[in-house]
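Here is what each chain is made of, one letter per residue.
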Amino acid sequence: MIKFHPAPEQLLQFAQGALTSVESIMVSAHCDMCARCQQVVAQQTVLQAEHALVDTSTEASDSGSFELDAMLDAITRLPRAAPSKSVRSTARKIIELDGRVFTIPRTLRKYVPYMGNWSSLVGKLWQAPVDIGSSGVANFIYMGHGGSVPEHTHRGTEFTLVINGEFHDGIDHYRTGDFIQMNESNVHAPKSDDVNGCLVFSVLDQPLHFTAGIARLLNPFSHVFFR
Ligand SMILES: [Zn+2]
């Protein structure tokens, strides 16, 4: 049962195509896993479409339908369509780590061709970077059973979507499908007691904060979403 969802205004802005690309990716991926939010977005999209039609009702019908098409296109458009034809579409639905296979949300499949190799970090953590373009820094993060990260805070906004498994952080307990948004006011210490570990997808919306400063390069967690 999904407990953490995007805020109602985030879903509304997503339907309006008004979110940043980073936020849009995360909300969209959550909706892939959450029937409730999917329904909210669908309803909002219809309302937006009706609103657009009212706005253009005094114009020629051709113009109105064109604007509606453009708006729907804007709503569904996400940055960087995968150009690679060599990767089979079925291969994009899953990612593998240590013999385990994970099915990933539809929204994230287009980024699989831009996924780097897994690297092992301390504390039973694994990380694979994903190039989602210049608008954000993204990683798949896997916490093995008992894997943990020291208590820390954040810079900028970090969005985390639980792809598979459970973890807790001293603030709450998160399960598959949960959408988590953290900023500089949040301090937490993530740990997974899930016997099967926990896979999450995480995006930082401010890559300048992420890459700036020599201390970050020295910090073993500098490339981890928990930072
Ligand atoms: Zn939801």
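Keep in mind that what you see is a predicted model, and the values were worked out from it rather than measured.

Rules behind the numbers
- Residues numbered from 1 in each chain as written.
- Predicted model: local features only at pLDDT ≥ 70, side-chain atom pairs only at ≥ 80, totals over all residues.
- Heavy atoms only, no water.
- Donors = N, O, S within 2.8 Å, 3.2 Å for Na, K, Ca; no water.
- Tetrahedral: all angles 85-135°; square planar, octahedral: opposite > 155°, others 65-115°.
- Buried < 20%, exposed > 50% of the residue type's maximum accessible area, 1.4 Å probe, protein only.
- Helix = DSSP H or I, 4+ residues; strand = E, 2+ residues; numbered from the N terminus.
- Pairing = 2+ DSSP bridges.
- Polar contact = N/O pair within 3.5 Å; in protein donor to acceptor, adjacent residues only side chain to side chain.
- Contact = heavy atoms within 4.5 Å.
- pLDDT = per-residue confidence, 0-100.
- Axes fitted to C-alpha atoms, helices over the stretch in contact; angles between N-to-C directions.
- Core = buried A, V, L, I, M, F, W, Y, C linked by side-chain atoms within 4.5 Å.
- Domains from an automatic or database assignment.

Chemist: Honestly, the coordination of the zinc ion in this entry has me stumped. Any pointers?
Modeler: When a metal carries six donors in an octahedron, the ideal angles between them are 90 or 180 degrees, while four donors in a tetrahedron ideally lie at 109.5 degrees. Looking at the zinc ion, one finds its protein donor set to be His-5 (ND1), His-30 (NE2), Cys-34 (SG) and Cys-37 (SG), positioned 2.0 to 2.3 Å from the metal centre. Each of the four donor atoms bound to the zinc ion contributes to angles spanning 101 to 114°, and the resulting shape is tetrahedral. According to the relative accessible area criterion, His-30 is buried, its value standing at 0%. Relative accessible area serves as the criterion here: at 0%, Cys-37 is assigned to the buried category.

Chemist: Just checking my understanding: could you explain the pairing of strand E5 (residues 137-143) for this structure?
Modeler: The side chains of a regular strand alternate between both faces of the sheet. Counting buried residues along E5, seven of its seven residues qualify, which places the element largely inside the surrounding structure. With burial as the criterion, each face of E5 is covered, one bearing Val-137, Asn-139, Ile-141 and Met-143 and the other bearing Ala-138, Phe-140 and Tyr-142. Pairing of strand E4 (residues 125-130) with E5, which is carried by six bridges, proceeds in the antiparallel orientation. The partner of Pro-129 across the bridge, within E5, is Asn-139.

Chemist: Hey, could you run me through the side chain of His-5 in this one?
Modeler: Along the chain, His-5 falls in the segment before helix H1 (8-16). A polar contact of 3.4 Å, which involves the side chain of His-5, links it to the backbone oxygen of Ile-2. Among the polar contacts listed, one links the side chain of His-5 to the side chain of His-30, at a separation of 3.4 Å. If we skip the residues at most four places from it in the chain, His-5 touches His-30, Cys-34, Arg-36, Cys-37 and Phe-179.

Chemist: Looking at this model, I keep getting lost on the confidence of the model for the protein chain. Mind explaining?
Modeler: Low pLDDT means the predicted coordinates in that region are not meant to be read closely. When pLDDT is averaged across the protein chain, the result is 79; 74% of the residues are at 70 or more. In the model of the protein chain, helix H7 (residues 207-211) stands out as the element of lowest mean pLDDT, 36, in contrast to strand E8 (residues 173-174), which has the highest, 97. Scored below 50 in pLDDT, residues 78-87 makes 24 contacts in the model with residues more than four places away or belonging to other chains. Every residue in residues 207-227 is under pLDDT 50, and counting partners more than four places away or in other chains gives 51 contacts.

Chemist: Just to check I follow, could you spell out the sheet that holds strand E9 (residues 179-182) for this structure?
Modeler: Sheet strands associate in pairs through backbone hydrogen bonding, adopting either a parallel or an antiparallel arrangement. A sheet is described by the order of its strands in space; here six strands give the open sequence E3-E4-E5-E10-E6-E9, paired in antiparallel fashion. The open sheet is flanked by strand E3 (119-121) and E9, the only strands paired with a single partner. Ignoring strand direction, the axes of neighbouring strands in this sheet form an average angle of 25°. One ladder, built from six bridges, connects strand E6 (residues 158-164) with strand E10 (residues 198-204); its direction is antiparallel. Within E10, the position partnered with Glu-158 by the bridge is Leu-204. Each of E6, E9 and E10 touches helix H2 (residues 21-33); the most contacted strand, E6, lies at about 25° to it.

Chemist: Any chance you could explain the nonpolar core here in plain terms?
Modeler: In globular proteins that are soluble, nonpolar side chains generally tend to be buried together. Judged by nonpolar contacts, the single largest core of 35 residues is most densely connected at Leu-108, Phe-140 and Phe-201. For this core, the elements supplying multiple residues, two or more each, are H1, H2, helix H3 (35-55), strand E1 (94-97), E4, E5, E6 and E10. A total of six residues in this core trace back to one element, the largest contributor, which is H2. Each of domain 1 (8-76) and domain 2 (89-218) gives at least three residues to this core.

Chemist: Help me understand the environment of Arg-92 in this model?
Modeler: Residue placement: Arg-92 occurs in helix H5 (residues 89-92). Between the alpha carbons of Arg-92 and Ile-104 there is a distance of 8.3 Å; along the sequence they are 12 residues apart.

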